[in-house]
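A closer look at the structure
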Amino acid sequence: MKKVALITGITGQDGSYLTEFLLKKKYQVHGLVRRVALEDENHRLWRLRPVLNKITLHPASLESYASLVKIIQKIKPNEVYHLGAQSYVDYSFKDEFSTLNTNINGTHYILSALKEFSPNSKFYFAGSSEMFGKVKEIPQNEKTPFYPRSPYGVAKVYAHWITINYREAYDIFACNGILFNHESPVRGETFVTRKIVVALCRIKNGLQKKLYLGNLDAKRDWGHAKDYVEAMWKMLQLKSPNDFVISTGKQYTVKYFVNLVLNELKIKYYWKGKNLNTACFVKGSNQKIVSIDKNYFRPLEVDTLLGNSSKARKILKWKPKYNVKQLVKEMVSEELYMLSNDKKIR
């Protein structure tokens, strides 16, 4: 008999990769989506297009306990992957109320529904390296104290601890994955890595003149989403629930990521200036292709994130298959393909 998996956030980057992964494992996959997504499949379900006929989607809201209860009662999932969230850090400063409501209450509602109506379901919560924020040690592991620097990070810390609370109080099989930055060709365009790739590919093709960025010196631990969804699954195959940092253990600046993309595109370049006046030019010309815009700085910056995933490597037998150069190569290749084929909707 097939295992039944329920995925919140199934329409996002991680949700789509996890769906493909679970289907290969012969799971019966169900996903929660907003009703508006079912009314606009082309725009909102594009990542799931290849597998839409193999999965079941349920209209629901993370802010509605009743809608979550109805679905959980109906399908009694073996495994629940809670990926759904307002996940854009910068936006969480602009609308902290909806971020906190969705990210905190959504997690709490699902855990409560499982406790009452499907207590044998295994639960995975998608935590974030943003919970470490103003880091207390480098690198960060499962024992590093949290110090979030955004409403998004604050909400994820609450959700992390309510997951542990339900595990300990009600014997729910609940795991936290503290995932460091993970990217892919289907990353949302508001996230810095995809923003960089899209803009520089368009510049290469004469479709855009300049890319504006914020903090070029921010350091991040970047991996590939394909690797990270496998780690999620491995957590729920354990005999006992646990919490894990998932990361590559290697760190690069935003500026270095820009350089990797420029190199992949074979654009010759040079950097000039300091601080807010830093800019990147095409070599042999005065064409400025990257500039700093102070509007892209966060009210509170997270300067450095670097994960220590030794626990996951030992217990889960997990390690990343992609390095950052392979990630960039795939993202650039896919973006150029989309541009050359004039694909409007991904």
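This is a predicted model, so every value here is computed, not measured. (Residues numbered from 1 in each chain as written. Predicted model: local features only at pLDDT ≥ 70, side-chain atom pairs only at ≥ 80, totals over all residues. Heavy atoms only, no water.)

A closer look at helix H6 (residues 96-117)
- With 22 residues, H6 extends 31 Å between its outermost C-alpha atoms, agreeing within 8% with the 32 Å of an ideal straight helix rising 1.5 Å per residue.
- Three or more residues of H6 are buried, namely Thr-99, Thr-102, Asn-103, Ile-104, Gly-106, Thr-107, Ile-110, Leu-111, Ser-112, Ala-113 and Leu-114. (Helix = DSSP H or I, 4+ residues; strand = E, 2+ residues; numbered from the N terminus. Expected span 1.5 Å × (residues − 1). Buried < 20%, exposed > 50% of the residue type's maximum accessible area, 1.4 Å probe, protein only.)

Digging into the pairing of strand E11 (residues 243-246)
- Here E11 shows two buried faces, one formed by Asp-243 and Val-245 and the other by Phe-244 and Ile-246.
- Here four bridges tie strand E6 (residues 173-179) to E11, and the two strands are oriented parallel to one another. What sits directly across from Asn-176, in E11, is Asp-243. (Pairing = 2+ DSSP bridges.)

Thoughts on the sheet that holds strand E1 (residues 4-8)
- Taken in spatial order, the seven strands line up as E3-E2-E1-E4-E5-E6-E11 in an open sheet, and their pairing is parallel. Strands with a single pairing partner mark the edges of an open sheet, and in this sheet they are strand E3 (56-59) and E11. Geometrically, the sheet is characterised by an average inter-axis angle of 20° between neighbouring strands, direction not taken into account.
- In the packing of helix H4 (residues 65-75) onto the sheet, the strands contacted are E1, strand E2 (28-33) and E3, and the crossing angle to E1 comes to about 165°. (Axes fitted to C-alpha atoms, helices over the stretch in contact; angles between N-to-C directions. Contact = heavy atoms within 4.5 Å.)

Focus: the environment of Lys-319
- Mapped onto the elements of the fold, Lys-319 is located in the loop between helix H11 (310-315) and helix H12 (324-340).
- Between the alpha carbons of Lys-319 and Glu-230 there is a distance of 9.7 Å; along the sequence they are 89 residues apart.

Overview of the nonpolar core
- Residues Leu-22, Tyr-81, Tyr-124 and Ile-246 are the most contacted members of the largest nonpolar core, which totals 39 residues.
- Mapped onto this core, the elements with two or more residues apiece are E1, helix H1 (13-24), E2, strand E5 (122-128), E6, helix H9 (225-235) and E11.
- With seven residues, the single largest contributor to this core is H9.
- Each residue touching Leu-22, except ones within four places of it in the same chain, is listed here: Ala-5, Ile-7, Tyr-27, Val-29, Tyr-81 and Trp-233.
- Counting residues in each nonpolar core, the second largest holds 31 residues, with Ala-199, Val-261, Leu-262 and Trp-271 among its members. (Core = buried A, V, L, I, M, F, W, Y, C linked by side-chain atoms within 4.5 Å.)

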